[in-house]
Every structure is written in structure tokens, then in C-alpha cells.
Amino acid sequence: MSFLRRYAQNIGALIGLAILVVVVLVAFAAPLLYPVSPWQGVGEPLLGPFEDPAYPLGTDLLGRDIAAGIAYGARVSLLIGIISTAVAVVIGVALGALAGFYGGRVDDMLMRFTEFFQTIPAFAMAVVLVAIFSPNITSITLAIAVVSWPPVARLVRGEFLSLRSREFVQAAVVVGQTGPRIMATQILPNAISPIIVTASLMVATAILTESSLSFLGLGDRNMMSWGFMIGAARTMLREAWWLSVFPGVAILVTVLAINLIGEGLNDAMNPHLRGRKG
Amino acid sequence: MKPITPLLKVDNLSIELPAGFDRKYAVENLSYTLEAGEILCVVGESGSGKSMTANAIMGLLPSYLKPSAGRILLKGRDLLAMSEAELARERGRTVSMIFQEPLSALNPLMTVGEQIAEVMLVHGEGDARSRDERVLELLDYVGLPDPASLRHSYPFRLSGGQRQRVMIAMALALEPAMLVADEPTTALDVTTQAQILDLIRRIQRAKGMGVLFITHDFGVVADIADKVVVMEKGLIVEQGTADDVLNRPRHPYTRRLIAAVPHPDESATRAEAAGEPLLEVRNLQKTYRSGGGLFTRPRIVKAVDDVSFTLRRGETLGVVGESGSGKSTLGRCILKLTDVDGGEIRYRGKDLVPLSQAAFRPMRRHLQMVFQDPFASLNPRHTIGRILTDGPVANGVPMDEAQKKARDLLALVGLDPSAYDRYPHEFSGGQRQRVGIARALALDPELLVADESVSALDVSVQAQVLDLMQDLQKKLDIAVIFITHDLRVAAEVCDKIAVMYRGAIVEAGPPAEVFNAPRHAYTQKLIAAIPGRHWNPRAAVA
């Protein structure tokens, strides 16, 4: 398929995909690699990296294995990143599609509603929502979804607005298809590429938001997360750098990988940009 | 007598295409000459390579195309051997070009005066004062009103015809010996086209320029050409004087093209359609209001103004008008693709105007449409089969029955059965338009609205699609509203013609009557502007 070939031509995107595959494998293999809970102290406290071959990334103040924390943290990051993005995309596509297709008053109302969410600083709202609903993985996921759907809605509205006046959509009206059917079978398939690209980048943002929430102590108490590890280590930044650097690198590399994939998808799916590297 | 070097001599020019195209050369072994004071028309259908020589002369070929053999001699000097800097000096000074779409060829952020002056500036011609004077002189010369204030306008303020005049003024700024015109009137209305053609001819005579004029329209050729080159698939199939090629074409391809040129058959009389009226439109009104923005006052345009007509089964009504005349809006109103402000649309006696979209939907199958753009009117993500079955399925026909019908329709419109599982991008424009017609017929409609359905097609394909539509109409006894800007096409296929001007029908009647004895001043203007009116293509290939 030519889409795969186009994607494979982008070296950055391939590297991104490779990194993400590793992160996913680590997340799945975490219980096999580290049967003991990452919350449990297993070795001497504050072992530096490579001091004990059993704990290559060192241990923290309570003797917990940093490597185990990072492996389990990958699960939380990916889970929240993917599910919150999926929820946000569903909300955004639904509202954007209705606004763009029907236009007029429906559009006005839905877009004012969207702007209401856009005018509130996203992270502040996520903090408030998580604090209200007590921090657990469901409330964090939903809070991130609630603050990240508006850009999707605007994007989808724009696509629907321009596709709605295209002749093949008019033709579908003329042969008697109903509005919802036209939206789902005629317009949406033609608007799907920018949605996928945006969604891939939203996963990265969601991972960052989750880390920030955990850093502030608003993470799920039962799940080890990269943000929590950095937050817990911040008092020992100078004495034990490895406590915060390794989770930080994990976040950096994962987000970078997902961004590279997003870019690669964008280049592969948007024929206009094809060959822009000359 | 010493031999004179011709102004332009294209000598055995070949331009190779990269691998993966359907042919090896974009143009192959091209040879022709253009003398000063001559208009040479290069005619061909899309993909014939007719624009390619123009781009090669101007050094505008895309980077992946390189002339592989031959020479282009301009006043005896080979353009292909010149460096980019030398070429830049020649461009504008010795040879300049006007393009098809003047809006995209002009810089939207510069006033037209600045753009004309810039041509002189980059060639280091004159000083600021003399350039200013020259701009005024040029604007006046190309027939633009009030040059002193018009030169401060931005391109978007001008009409299409005015923009093309500005382009011509730019091209003339340095008094070039040769002008290349690539389909300069294709985007224009027919009356504007006639004016621009007039202007080009006038300037060419006054300045003794050589003009290389690229077009697909044999009517235009008949109007202005001294010599003609006919191209097919990158090859020259015939060249000669205009009189020879137009009236005594030798090559079968030229003969086929000329036979396809729409021409009203004035002797034909059509049987008056009788019986119950199928569609009655009474006093239809539609007004567009564009809201006042920061810099604009709200505009109110009467797109359809008090339009009435009656259509019977099996009858074809041609709605003819220029862009902005409201002819497309009329079609959209009848299909309820847009709201109506007043009047009645009676289909079999039932008024459609007060119906809601939901109430009208079950009736939609009787009124179908064939769209203008064969590339935009088919969903690129659906197979042809899906496109043809969507309508019947939406109207409650079982899937297997719809599929069978779709396959029958493919045969009816002359497409291969294998088309069923393929996607639109695998087909040519003409084939796609056949799919569009099949889609409309899938619902057994009684009325078909064809909105500029053949205007995006090449003339030979256009003739085939028109034949197909007329054929099907006779077979299925459908009423057709045929919306077009091309009076020649309308006169060829319609039983009645309605001429629209600024939203109103100014004249209606049988084609022969409208053509031979136009009563309204606008109709007279429109008919006078038809390119190639004095040339009878039927006689040429008889």
C-alpha cells in the first residue's frame, strides 16, 4: 500500500514508531520483568545507577527500584494517553460534525460552547476537575479528555464546513440520503486524515498533562507514574539526580516518539505536503 | 533576397516525461515557426501537451521535465542553451506571457499599477516618473476605464475581464516582439472573451507582434488564427493555415475534433412536446444577502428574480447565461439544495416550496441532478458500485436489486462492468461524468437537472456525453433542465432555450428563434460574442 511506503520514507517517523513499540512492550511486560510491586522497597535506599547490577537505574529514598517504576509508569502514561484521546476525539468529532454540517444556529451554539471551554486554561481546569472528583485513573482520564476536545471540534467543524458544499455531498443529498448518513458515510471518511494526525499529537499532550497532574500529587495513588516519580524526587534533586532524570527522560522520549509519528502520519496522509523536502 | 530568420522557430523539440507516465514524451519532435505579425494557434485537448511548448519557451517547465532534444530559436538564438540569467533578460523584453487565470497570476497584495511598473523596474527600464506615465498609457491602451484611479486598485476589485486586461498591459510593458497566451479566455464569460480576443488581435496588428495562442476551443481558433497547429498526445498531427485546417482538415483526429464542435443545427425542427406539464415554476425568487463585514456594506443580490417556466415530459429546457446570472441557483432551488424566498415550484401539481427537507426526501428520487465537476462530484473514498447503489438503498431498494441495477446502468452509459469495484480516481473526466449520469438515473427520475454537466470536458468527450444524454432522454422519456454558459451546446441539444441575465429570464423560445431572431439586447450581445460564429464546422467535415 502506498500509504505505508510514504510513511516508511520518513526516517524520523520510523524512529518514533520504533521507540513507541519499545515503550508498549515494556508496559506490557512490566509484571513479568518486575513481579514485585513498584511501590515496594526492594533494595538499599538511594543506590546510584549501576552501583548494583540488580537495580541498573538505582533506587529511591525507600529502596524502590527506579527501573520498575518506569516500566509500570509506561502503562499509566499509555493508558491515560490513549483513552483520554479517544474520549476527546469522540466528543470533538460529534460536536464539530454537527456544527459544521448543519451550520447556522446549531453551529453558533456549539461553537460558543466550545469557546467556553477554550477560554479556561486547560491545565487549571484539569487540576480542578481531578481535585473535585478525588484523584483516580478514571477521573484523571476524563479530566484530560474534557480539556482536550475543543481543538478537535474546531478542526472537524472546519473540515465538515468545506466538505459539505462539495458536489459529492450535494449529490448524496439529491439522491435522498439523510443528514446523519451523509455525515457518517460521505463526509467523515474524507475528513479522517487530519483527525488521526491531531489525535496522535493529542496522545503526547495527554501524557504530559497526566505527568504534570501526578507531579502535583494529583495522580492515582495505586498506580506508579512518571510524573509522580519526578514529583517525589524534587526535594532530592541535587543529592540523587537519577530519581528525577530517568522518569524525565522516559517522558521526553515517549512524547517525542509520538510527535514524530504524528508528523509522519501528517506527511503521509496529506498529499499536498508530499515531496516538500524536494 | 536573403532568408529571414523567423521570430520563433521550434525545431524538433522533445520533452521527456519521467518514468511512470502513460507515455514517454510530453511532446515529441515538435516543429513549427511563428513569424512576426502572425497569430499561431496551438489546439488540442487536455493532456495533448499544448501548454508544454509555451512553458518551454518561457523556461517555466517543472524541474522534473527537461527538453531532451531539439531547439527553440527566438530571433535565431536558442533559448534552451541560454543561462537562467540570460533567459530572465529575454522574458518580458522579447517574449512575454499571459495566463489562463488572471486572479492567480496577479499578486493579491500589490495594486495593479505597482505590478505593471514592477515589470519595467526589474528590467531596469526608465525612472519612477517615466514608469508611472507608461503605466497610465498601458492601462489606457488595453481599454481599462479611468486609468488614473484604477492603477491604485487591488486585483480582487476588478472583474475577470479587467484582470486579464491588466495581465495584457503587464505583458506589453516592454513592447515584446512575441506574446505567449495560454488559454487566456477560458476562465472568462463569452462576452468578455470576445472583448479580450478583440483586444489581443488589435494589439497584435498595431504592434506587429507574433502571438502564440494556446486554446482548446476551435471557435476561438476560427476567430483569430492565421496558422494552426493541432496536437494529439504530444505529437503535431496537422498544421497549416487557419483556412486549410478549419475548412479542409486532413488528419482524422482533426476531423473528429471539428465534428465534435457544438454547432446549432438550424434546419432541425423538433416536435412540440405535448401532455401534462411535469414541472411548473411560477414567480420564483431567491435573494442572497452577504452580511456586512468590517470593510464591506451588506450586499443583496437577486440571484433568481421572478422566474417562471413550464416543462413537460421528454422535453429539454436550456438555461443559458453568464457567470452570476443565477442559472445555477435556479437549478439548486428546484432541487431544494437552497432555500427559496418566494414563488412556486410545482412538480406534478404539488408545490415543493413549503415542504420541509424531511417531507421532500421521499420525492427526491423523481428529481435528479448531474453535476458540473466530474472530479468533485464523486466521493473519492467510495467505489463506483457504492456510488451507484447509495441512492436506491437510501430509498428503500434492497441491496442485491440495487447492485443489479447499478451493473445494468454501467452498461447503459457505456462503461465496462469492471468499473463497479473501482474508485473514481481510476477514471477520466468523461468516464466519471458517465458515472454521474448513471447515479442520477439509478433512481428512475422524471426530471434531470444538468448543471454545466459537460463544460469541464474536452470537446470530443463533451460530444460523446451530450449524445449519451440525448439518447437516454429519448429512451427514458425524461425531462431535462440543461444549465450551461455555452449557447452553442444549448442550441444543439435543447427544445427550448431560456436566456438568463441578472437573475431574470430575458428571452425564451425554440433555439432557432432565439438564435436567428434574438429580441432582447442581451441575447443579441451573447450571440454576437460566440466564438467562431461565421465558421461552420459541419461544412468542413461534411
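Residue positions are given per chain, counting from 1 as you read along its sequence in written order. The order in which chains are written sets their letters, starting at A; the order in which ligands are written sets their numbers, starting at 1. The predicted origin of the model limits local features to residues at a pLDDT of at least 70 and limits the giving and counting of side-chain atom pairs to 80 or more, whereas totals for whole chains, interfaces and linings rest on all residues.

### Some thoughts on the UniProt feature "domain: ABC transmembrane type-1" (unreviewed entry) in chain A
Right, so step 1: On the UniProt side, "domain: ABC transmembrane type-1" (unreviewed entry) is annotated at positions that read residues 74-262 of chain A here.
Right, so step 2: Each end of residues 74-262 of chain A is marked by a C-alpha atom, and these two atoms are 19 Å apart; helix forms 84% of the span and strand 0%. UniProt positions are given in the numbering used here, feature names are shortened, and annotations may be inferred rather than shown by experiment. Working definition: helices are DSSP H or I runs of at least four residues, strands are E runs of at least two. Numbering for both runs from the N terminus.

### Thoughts on helix H7 (residues 167-174) of chain A
Right, so step 1: Between the buried cut of 20 or more and the exposed cut of 12 or fewer other C-beta atoms within 10 Å of a residue's own C-beta lies the partly exposed class, and all C-beta atoms are placed from the backbone. H7(A) sits mainly inside the fold: eight of its eight residues count as buried.
Right, so step 2: Of all the residues in H7(A), the buried ones are A:Glu167, A:Phe168, A:Val169, A:Gln170, A:Ala171, A:Ala172, A:Val173 and A:Val174.
Right, so step 3: Whether two residues are in contact depends on their C-beta atoms, placed from the backbone: they are in contact if these lie within 7 Å. For H7(A), the secondary structure elements touched by its buried residues are helix H6 (137-164) and helix H8 (179-215) of chain A together with strand S16 (367-370), helix H14 (384-394) and helix H16 (429-441) of chain B.
Right, so step 4: Where H7(A) ends, the next residue or the one after it, A:Gly176, has phi of about 95°, a positive value.

### Details of the interface of chain A and chain B
Right, so step 1: Contacts between the two partners involve 14 residues from chain A, matched on the other side by 21 residues from chain B.
Right, so step 2: For the side of chain A that touches chain B, the secondary structure elements donating two or more residues are H7 and H8 of chain A.
Right, so step 3: For this classification, Asp, Glu, Lys and Arg are treated as charged, while Ala, Val, Leu, Ile, Met, Phe, Trp, Tyr, Cys and Pro are nonpolar and the rest, including Gly, are polar. Among the residues making up the side of chain A that touches chain B, the classes are represented as seven nonpolar, five polar and two charged.

### A word on H16(B)
Right, so step 1: Here a helix's expected span is defined as the number of its residues, less one, multiplied by 1.5 Å. Compared with an ideal rise of 1.5 Å per residue, which puts 13 residues at 18 Å, H16(B) spans 18 Å between its outermost C-alpha atoms and is within 8% of the ideal.
Right, so step 2: In terms of burial, H16(B) is a largely internal element, twelve of the 13 residues being buried.
Right, so step 3: Buried-residue contacts for H16(B) involve H7 of chain A together with S16, H14, helix H15 (399-412), strand S17 (447-451) and helix H17 (459-476) of chain B.

### Points about the environment of B:Pro380
Right, so step 1: Counting through the fold element by element, B:Pro380 comes out in the loop between S16 and H14.
Right, so step 2: The class of B:Pro380 is partly exposed, set by 13 C-beta atoms lying within 10 Å.
Right, so step 3: Each C-alpha atom, one on B:Pro380 and one on B:Arg205, is 48 Å from the other, the two residues being 175 residues apart in sequence.
Right, so step 4: Sequence-distant contacts of B:Pro380, that is, excluding residues within four places in its chain, are made with A:Asn190, B:Tyr423, B:Pro424 and B:His425.

### What about the sheet that holds strand S11 (residues 277-290) of chain B?
Residue and element names in this part refer to chain B.
Right, so step 1: A pair of strands is labelled paired if DSSP reports no fewer than 2 bridges between them. Spatially, S12-S11-S14-S15 is the arrangement adopted by the four strands of the open sheet, whose pairing is antiparallel. In this open sheet, the two edge strands, each paired with only one partner strand, are strand S12 (299-312) and strand S15 (350-351).
Right, so step 2: Here helix H12 (residues 327-334) sits on the sheet and contacts S11, S12 and strand S14 (342-347); the angle it forms with S12, its principal contact strand, is near 65°. Note on geometry: axes are lines fitted to C-alpha atoms, helical ones only across the stretch in contact, with angles between N-to-C directions running from 0 to 180 degrees.

### So, the domain arrangement of chain B
All names here are of chain B.
Right, so step 1: Domain annotation of chain B identifies domain 1 (8-94 + 176-260) and domain 2 (277-531).
Right, so step 2: Relative placement of domain 1 and domain 2: their C-alpha centres are 35 Å apart.
Right, so step 3: In this complex, domain 1 contributes 16 residues to the contact, which on the side of domain 2 involves 13 residues.
Right, so step 4: Of all the secondary structure elements, the ones that give two or more residues to the side of domain 1 that touches domain 2 are helix H8 (190-207), helix H9 (218-224) and helix H11 (252-260).
Right, so step 5: Classifying every residue of the side of domain 1 that touches domain 2 by side-chain character gives six nonpolar, five polar and five charged. Note: domain ranges come from an automatic or database domain assignment.

### Considering the UniProt feature "domain: ABC transporter" (unreviewed entry) in chain B
Right, so step 1: Here the UniProt feature "domain: ABC transporter" (unreviewed entry) sits at residues 8-258 and 279-527 of chain B.
Right, so step 2: What you have in residues 8-258 of chain B is 40% helix and 25% strand, and the ends, taken at the C-alpha atoms, are 27 Å apart.

### A word on the pairing of strand S9 (residues 227-232) of chain B
All names here are of chain B.
Right, so step 1: Among the six residues in S9, six count as buried, and that is most of the element.
Right, so step 2: The alternating pattern of S9 places Lys227, Val229 and Met231 on one face and Val228, Val230 and Glu232 on the opposite face, and all of these are buried.
Right, so step 3: Here S9 folds back onto strand S10 (residues 235-241) in antiparallel fashion, the turn holding two residues, of which lysine 233 has a positive phi close to 50°.

### Let's talk about the confidence of the model for chain B
All names here are of chain B.
Right, so step 1: Note on scores: pLDDT gives the predictor's confidence for each residue, bounded by 0 and 100. A residue-level look at chain B finds 96% of positions with pLDDT of 70 or above and a mean pLDDT of 88.
Right, so step 2: Taking the mean pLDDT of every element in chain B, the minimum, 80, falls on helix H3 (residues 102-105) and the maximum, 94, on S16.
Right, so step 3: For this predicted complex, the interface confidence reaches an ipTM of 0.80, while the overall pTM sits at 0.82.

### What to know about unusual backbone geometry
Right, so step 1: One non-glycine residue, A:Phe50, adopts positive backbone phi at about 65°.
Right, so step 2: Relative to the helices and strands, A:Phe50 resides in the loop between helix H2 (11-33) and helix H3 (66-102).
Right, so step 3: Its identity is not glycine, yet B:Asp444 carries a phi of approximately 50°, on the positive side.
Right, so step 4: Locating B:Asp444 in the fold gives a position in the loop between H16 and S17.

### A short note on the nonpolar core
Right, so step 1: Core analysis: the biggest nonpolar cluster contains 226 residues, and B:Ala169, B:Leu212 and B:Phe482 have the highest contact counts within it.
Right, so step 2: Per-element accounting of this core gives the leading share, 17 residues, to H3(A).
Right, so step 3: Shared between two domains, this core takes at least three residues from each, and those domains are domain 1 (8-94 + 176-260) and domain 2 (277-531) of chain B.
Right, so step 4: In this view, B:Leu212 contacts B:Leu8, B:Leu34, B:Leu40, B:Val42, B:Ala54, B:Met178 and B:Val180; residues no more than four positions away in its chain are not counted. In plain words, the nonpolar core is the set of buried Ala, Val, Leu, Ile, Met, Phe, Trp, Tyr and Cys residues that C-beta atoms within 7 Å link up.

### Comments concerning the packing of H14(B) against H16(B)
All names here are of chain B.
Right, so step 1: It is at 8 Å that the axes of H14 and H16 come closest, and there the two elements cross at 25°. Comparing their axes, H16 and H14 come out roughly parallel. Considering the relative orientation of H14 and H16, their crossing is right-handed. For the pair H14 and H16, the contacting residues are Ile384, Ile387, Leu388 and Gly391 in the first and Val435, Ala438 and Arg439 in the second.
Right, so step 2: Looking at the contact of H14 with H16 residue by residue, the class counts come to five nonpolar, one polar and one charged. Here is the rule for angles: anything less than 35 degrees is roughly parallel, anything more than 145 is roughly antiparallel, 65 through 115 is roughly perpendicular, and the remaining ranges are oblique. Here a crossing is called left-handed whenever its near helix is offset anticlockwise from the far helix by less than a right angle, and right-handed whenever the offset is clockwise.

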